[in-house]
Amino acid sequence: MNWSMQLYSARNFQPWDKVLKLLGQAGYREVEGFGGVYADPAGLRKELDRDGLTMPTGHFSIDMLETDFDGARKIADALGITTMICPYLNPDARPEGTAAGWRGFGERLAAIGARAKKEGYGFAWHNHDFEFKKLSDGSVPQEHLLSAAPDIGWEADIAWIVRGGADPLPWIEKHGKRIVAVHVKDIAKPGEGKDEDGWSDVGYGTIDWASLLKALRAKTSAKYFVMEQDNPNDFERFARRSIESVKKY
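Please read these numbers as outputs of a predicted model, since none were measured by experiment. (Residues numbered from 1 in each chain as written. Predicted model: local features only at pLDDT ≥ 70, side-chain atom pairs only at ≥ 80, totals over all residues. Heavy atoms only, no water.)

> Before we go on, may I ask you to explain unusual backbone geometry in this structure?
A negative phi angle is the norm for most residues apart from glycine, just as the trans form is the norm for most peptide bonds. The step from Gln14 to Pro15 runs through a cis peptide bond, and the omega angle for that step is 10°. Counting through the fold element by element, Pro15 comes out in the loop between β1 (3-6) and α1 (16-26). Of note, the phi angle at Asp197 is positive, near 60°, even though the residue is not glycine. By the secondary structure assignment, Asp197 is in the loop between β8 (186-187) and β9 (199-200). Given the relative accessible area of 47%, Asp197 is considered partly exposed. (Helix = DSSP H or I, 4+ residues; strand = E, 2+ residues; numbered from the N terminus. Buried < 20%, exposed > 50% of the residue type's maximum accessible area, 1.4 Å probe, protein only.)

> What should I look at first to understand the packing of aromatic side chains in this one?
Given two aromatic rings, their pairing is described by the distance between the two centres and the angle made by the two planes. What the rule picks out here adds up to 14 aromatic pairs. Taking 6.2 Å as the distance between ring centres and 90° as the angle between the ring planes, the aromatic pair formed by Trp102 and Phe105 counts as edge-to-face. Remark: Phe105 and Trp102 occur in helix α5 (residues 99-118); sequence separation between them is three residues, near one turn of the helix. An aromatic cluster is present here, built from Tyr88, Trp102, Phe105, Trp125 and Phe130 joined pairwise through their rings. (Phe/Tyr/Trp six-rings, centres within 6.5 Å; stacked < 30°, edge-to-face > 60°.)

> Can you walk me through the sheet that holds strand β4 (residues 83-86) in this structure?
Strand pairing in a sheet takes place through backbone hydrogen bonds and is either antiparallel or parallel in direction. Here we have eight strands rolled up into a closed barrel, ordered β1-β2-β3-β4-β5-β6-β7-β10, and parallel in their pairing. With direction set aside, neighbouring strand axes in the sheet form an average angle of 30°. Two strands pair when backbone bridges link them, and β4 and strand β5 (residues 122-126) are joined in this way by four bridges, in the parallel orientation. Bridge pairing in β5 links Cys86 to Trp125. (Pairing = 2+ DSSP bridges. Axes fitted to C-alpha atoms, helices over the stretch in contact; angles between N-to-C directions.)

> Is there a simple way to explain the pattern of salt bridges in this structure?
Side chains bearing opposite charge may pair, as long as their charged atoms lie close to each other. The full count for this structure, using the stated rule, is 15 salt bridges. Here Glu236 ties to Arg240 by a salt bridge, and the two come within 3.1 Å at their closest N and O atoms. Here Glu236 and its partner Arg240 are both found in helix α10 (residues 235-246), four residues apart, which amounts to about one turn of the helix. Taking the relative accessible area as the measure of exposure, Arg240 reaches 27% and is therefore partly exposed. One continuous salt-bridge network, built from bridges that share partners, spans Asp70, Arg73, Arg115 and Glu119. (Salt bridge = Lys/Arg side-chain N within 4 Å of Asp/Glu carboxyl O.)

Listed below in C-alpha cells is the structure:
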C-alpha cells in the first residue's frame, strides 16, 4: 500500500522542498495537494519527482470548481492529479439546516462531478463533522449529499465522522463503494493534544485504526489512504510515527 500525506498538515513547517524530502525518506509515496501548494505546479512537480512522490489526489475549493474548472484542470494535469476532491463548505455558505438545502448542495456537487467525469477525472467530496450533525427531521446532511450526487465519490475523513457524533462503521458498510479515499487521522486521548486542536499522531489516540483499516480495505473502493493532522506541533514526529503505526496494521 502506498501511504499518502495531506500537505495541509505541513503548512506551518516550510519550506516545501524540505517537507517533501522528509516524506520521501519516511516512506511515503504519495501526497495530497491543497490550494496552498498550487502557486507553481510545474516547480512542485519537479520536487515531487525528485523525492519519489506522486500526487494522485488534490483538494480544490467549491468556488474554483464551479467558476474556474479549467484552472483546476490545468493544475491537476501539471501535478498528475487524477481525482479532484472538494474539501469544505464555509459556515456562511452552508444551506440552512434543512434536508432540501443539503440536497440542493448535493446537486451542485453532482454537476461538478459530471464535468470532471466528462474531462477524465474522478471527483469526490471530503467530509468534516458538520455533515453528521442531525437536522430537525433527524437526518444528517451527509445522507442528502450522497443521495443527491449518486455518481460522485467520497473521501471519508474518519476522525471528523467521529467528532460529528457518528460511528464510522455503518457508513463504511452502507457506502463503501462510494469511498475512493480515506483521511487517516487520530483524536487525542483525554487531557492530551491541547496545543494540537485535540488531534494526535495516528496510532497514539483514541481511534481503533487497526480495526478500521481492516474494514476499509475489505468494504470500500478506497485507493488512497491519506495521513492528516490539522495542527501538529511537530510535523516530522507526526509523519514518522504515523506511518510506522499504520504499517503494523
